[in-house]
Amino acid sequence: MGTLAVDGGKPVVRLEEIKQWPVIDERDKAAVMRVLESDYICGGDAPEATALEKEWREYVGRQFCLTTNSGTAALHMALAALGIGPGDEVLVPAYTFLASASCVLHANAIPVFVDIDRRTYTMEPSQIEAKISERTRAIIPVHLHGLSADMDEILKIARKHDLFVVEDACQAHGAEFKGKKVGTFGDLAAFSLNSSKNLCAGEGGLLVMDNHDYYMRASMLRMFGDEIDDETKLRVYNASILGYMYRNQELPAAFTRAQLQRLDEYNNARIKNCNYLTEHLSGIKGVHVPYIPDHYKHVYWMYIIEFYPEELGLSISPEEFRVGMEKALFAEGVQVGQWQTMPVPAQDLFQTKKGISSSGFPWNYTDRGRAIVYRGEDYPNSTDLCRRYTTVNGFQPPNGIDLMKKYVAAFEKVFANIDIVLKHKNDNLPSHFSGRLFRAK
Ligand SMILES: Cc1ncc(COP(=O)(O)O)c(C=O)c1O
């Protein structure tokens, strides 16, 4: 096995062996060139954007799709299309990316957080009802890391309390819950096309729905609140509602269409790599691998593991153990490192409640909003996860099983030398993936 890299030995993996996502090939270049050689490089109804909307609604299985310039824009448009506004409350999981909650503030409403299920990391249905008030209008379940939230339970609660459901599917293109694709469960569903995502454009988003009224309202919200004349199909330049500038563009739309052709193939490659990691890392004492309930299809936007030093009989805090392990694994070439470091309600935005332009709005609009206090420790499952988890990057295609074998070898090497890892745990060493790898040529 050799000497640990943190102790002066040779790393198991060289950085050059790990390739960067997304895979960009001749098909993507041809799609982008098609735009540059066409008459359109922008426009809400331009050909590539329109074709992407058709292809995505068909892929997901919904009536309508609008492409946007980000997933955050798609989420905000969804809430605004539902008429959610000042004084309203929206339930959001406490562990997610900020935008799942900040979109609620963009709609001038108040996010109310619900802790996560400790095993799936998605919103814990049994904790939802305690958070519902007379002001609650919607639930935003997040399909986290590529795994669906428990949509049976969430929809049951939403129906019982007459709440809208907006799926945050920004991390879960192609994921399934009981044989149905995510994005088909809520009143509306938002996807991100950010470059890290399973389906990507560089930046961009997609919003899907079946209701024609929501579609019409969201279309106006996407383009300055402006209406299109029914007969001429031209803009009338008379804003009838407050809208935004959330249009996508032709270059990213064409790139996304080329990527969409290979989404299932790439998702399968992710699943194969992650299943290999799970199979081999699950045998290592002190490591917990992702849990996937029966009848869920996880598409692994992200692969995370958790560290449990207590299972090794070590009297060291999970954080200290995790950071020591991250340093040792990183030195071996494994691209570990944390993504979210705290529950969303623990972030300064929610601690200070300064709100829009530091006015305290939207919280100061209602007594309930003024009274709300966000505390990270009120979400013990989210807090505990943040102490223990690390992401393992590099499982994305074009990387394959050869690299996964090296990753497993690195884990085995590190776990066989825990005493040496702990000797170096306070060394000033990098422990975090930079987000940049080498592009496959
Ligand atoms: C769960 C979740 N929601 C929303 C977003 C926002 O998407 P975008 O970055 O495209 O605005 C992201 C992006 O990372 C996300 O992970």
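Preceding block: the structure.
This structure is a prediction, so every number in the text was calculated from the model and none was measured.

Q: Give a description of a nonpolar patch on the surface that names residues and reports values.
A: Among the surface-exposed residues, Met33, Leu36, Ile41 and Leu251 lie close enough to one another that they form a single nonpolar patch of about 350 Å² accessible area. Among the structural elements, Leu251 can be located in helix α7 (residues 250–260). Using a relative accessible area of 31% as the deciding quantity, one classes Leu251 as partly exposed.

Q: Explain the packing of helix α8 (residues 263–281) against helix α13 (residues 401–415) to me, and be specific about the residues and the numbers.
A: At a closest axis distance of 10 Å, the pairing of α8 and α13 adopts a crossing angle of 25 degrees. Taken together, the axis directions place α8 and α13 in an arrangement best described as roughly parallel. For α8 against α13, the interelement crossing comes out right-handed. Within the contact between the two elements, α8 uses Lys272, Asn273, Tyr276, Leu277, His280 and Leu281 and α13 uses Ile401, Met404, Lys405, Tyr407, Val408 and Phe411. Looking at the contact of α8 with α13 residue by residue, the class counts come to eight nonpolar, two polar and two charged.

Q: Tell me about the sheet that holds strand β4 (residues 110–114), and name the residues and values.
A: The strand order β2-β10-β9-β6-β5-β3-β4 describes an open sheet built from seven strands, whose pairing is mixed. What marks the edges here is a single partner per strand, and that holds for β2 (64–68) and β4. Direction aside, the axes of adjacent strands within the sheet are offset by 25 degrees on average. Both strand β3 (residues 89–93) and β4 contribute to a ladder of five bridges, which runs parallel. In the strand pairing of β4, Leu91 is matched with Val112. Relative to the sheet, helix α3 (residues 71–81) contacts β2, β6 (164–168), β9 (188–192) and β10 (205–209), its axis offset from that of β9 by approximately 165 degrees. Against the sheet, helix α4 (residues 99–106) engages β3, β4 and β6, with an angle of about 150 degrees to β4.

Q: Mind laying out empty space enclosed by the protein, listing which residues take part and the relevant values?
A: Taken as a whole, this structure holds one cavity of 30 Å³ or more when the rule is applied. Considering only enclosed or pocket space, the largest cavity measures out at about 70 Å³ in volume. Considering the residues around the largest cavity, the lining is formed by Arg119, Thr120, Tyr121, Leu144, His145, Leu147, Pro290, Tyr291, His298, Met302, Tyr303 and Ile304. Tallied by class, the residues present in the lining of the largest cavity amount to eight nonpolar, three polar and one charged.

Q: Would you mind going over the state of the cysteines in detail, with residue names and values included?
A: Per the counting criterion, the structure on display carries zero disulfides. Here Cys170 stays free of any disulfide, with the sulfur of Cys103 as its closest cysteine sulfur at 8.7 Å. Taking the relative accessible area as the measure of exposure, Cys170 reaches 10% and is therefore buried. For Cys386, which is in no disulfide, the shortest distance to another cysteine sulfur is to Cys170 and amounts to 19 Å.

Q: How would you explain the sheet that holds strand β8 (residues 180–181) if you had to name every residue and give the values?
A: On the basis of which strands lie adjacent, the open sheet formed by three strands has the order β8-β7-β14 and antiparallel pairing. Among the strands making up the open sheet, the edge pair consists of β8 and β14 (296–297).

Q: Give me the lowdown on the packing of aromatic side chains, citing residues and values where you can.
A: Enumeration over the complete set of coordinates arrives at 21 aromatic pairs. Between Phe113 and Phe350, the aromatic rings sit 5.2 Å apart at their centres with planes inclined by 90 degrees, giving edge-to-face as the arrangement. Of this pair, Phe113 sits in strand β4 while Phe350 is found in helix α10 (residues 348–352), placing the two residues 237 residues apart along the sequence. You can call Phe113 buried: its relative accessible area is 1%. Members of the aromatic cluster, each reached through a chain of ring pairs, are Phe113, Phe350, Trp363, Tyr374 and Tyr379. A cation over an aromatic ring shows up here: Arg119 above the ring of Tyr291, its NZ or CZ 3.8 Å from the ring centre. Taking NZ or CZ as reference, Arg388 lies 4.1 Å from the ring centre of Tyr308, over its face.

Q: Give me the lowdown on the site of the ligand, citing residues and values where you can.
A: If you check the shell around the ligand, you find 15 residues, and the closest are Gly71, Thr72, Asp168, Ser192 and Lys197. At 2.8 Å, a backbone N or O of Gly71 approaches an oxygen atom of the ligand. At 2.8 Å from an oxygen atom of the ligand is found a side-chain nitrogen or oxygen belonging to Gln171. Taken by itself the ligand offers 380 Å² of open surface, and the protein chains cover 91% of this. Ranked by the residues each element gives to the shell around the ligand, the list is headed by α3, at three residues. Counted by class, the shell around the ligand contains five nonpolar, eight polar and two charged residues.

Q: Describe the layout of surface pockets, listing the residues and the values that go with them.
A: The space that makes up the largest pocket amounts to roughly 820 Å³. In terms of lining residues, the largest pocket is bounded by 25 residues, among which Asp45, Ser219, Arg222, Met223 and Ile228 are the most central. Looking at the lining of the largest pocket, the elements that each hand over two or more residues are α2 (47–60), β2, α6 (212–222) and β11 (226–228). Looking at the lining of the largest pocket element by element, the count peaks at five residues for α6. A breakdown of the residues in the lining of the largest pocket according to their chemical character gives nine nonpolar, four polar and 12 charged.

Q: Report on the environment of Phe224, specifying residues and quantitative values.
A: Position of Phe224 relative to the elements: it lies in the loop between α6 and β11. The class of Phe224 is partly exposed, set by a relative accessible area of 39%. For the pair Phe224 and Asn238, spaced 14 residues apart in sequence, the C-alpha to C-alpha distance is 9.3 Å. Residues contacting Phe224, with those up to four places away along its chain left out, are Arg235, Ala239, Ile241, Gly243, Tyr244, Met245 and Arg247.

Rules and cut-offs
Residues numbered from 1 in each chain as written. Predicted model: local features only at pLDDT ≥ 70, side-chain atom pairs only at ≥ 80, totals over all residues. Heavy atoms only, no water. Patch = residues over 30% accessible without salt bridge, like charges linked within 9 Å, V, L, I, M, F, W, Y side chains within 5 Å. Areas by Shrake-Rupley, 256 points an atom, 1.4 Å probe, with all protein chains shown as cover. Salt bridge = Lys/Arg side-chain N within 4 Å of Asp/Glu carboxyl O. Helix = DSSP H or I, 4+ residues; strand = E, 2+ residues; numbered from the N terminus. Buried < 20%, exposed > 50% of the residue type's maximum accessible area, 1.4 Å probe, protein only. Axes fitted to C-alpha atoms, helices over the stretch in contact; angles between N-to-C directions. Parallel < 35°, antiparallel > 145°, perpendicular 65-115°, else oblique. Left-handed = near helix turned anticlockwise from the far one by under 90°. Contact = heavy atoms within 4.5 Å. Nonpolar A, V, L, I, M, F, W, Y, C, P; charged D, E, K, R; others polar. Pairing = 2+ DSSP bridges. 1 Å grid on protein atoms, 1.4 Å probe; cavity = no way out; pocket = protein on both sides within 12 Å on 5 of 7 lines; lining within 4 Å. Points joined across faces, edges and corners; volume = space filled by probe spheres on them. Disulfide = S-S within 2.5 Å. Phe/Tyr/Trp six-rings, centres within 6.5 Å; stacked < 30°, edge-to-face > 60°. Lys NZ or Arg CZ within 6 Å of the ring centre and 35° of its normal. Near = heavy atom within 4 Å. Polar contact = N/O pair within 3.5 Å; in protein donor to acceptor, adjacent residues only side chain to side chain.

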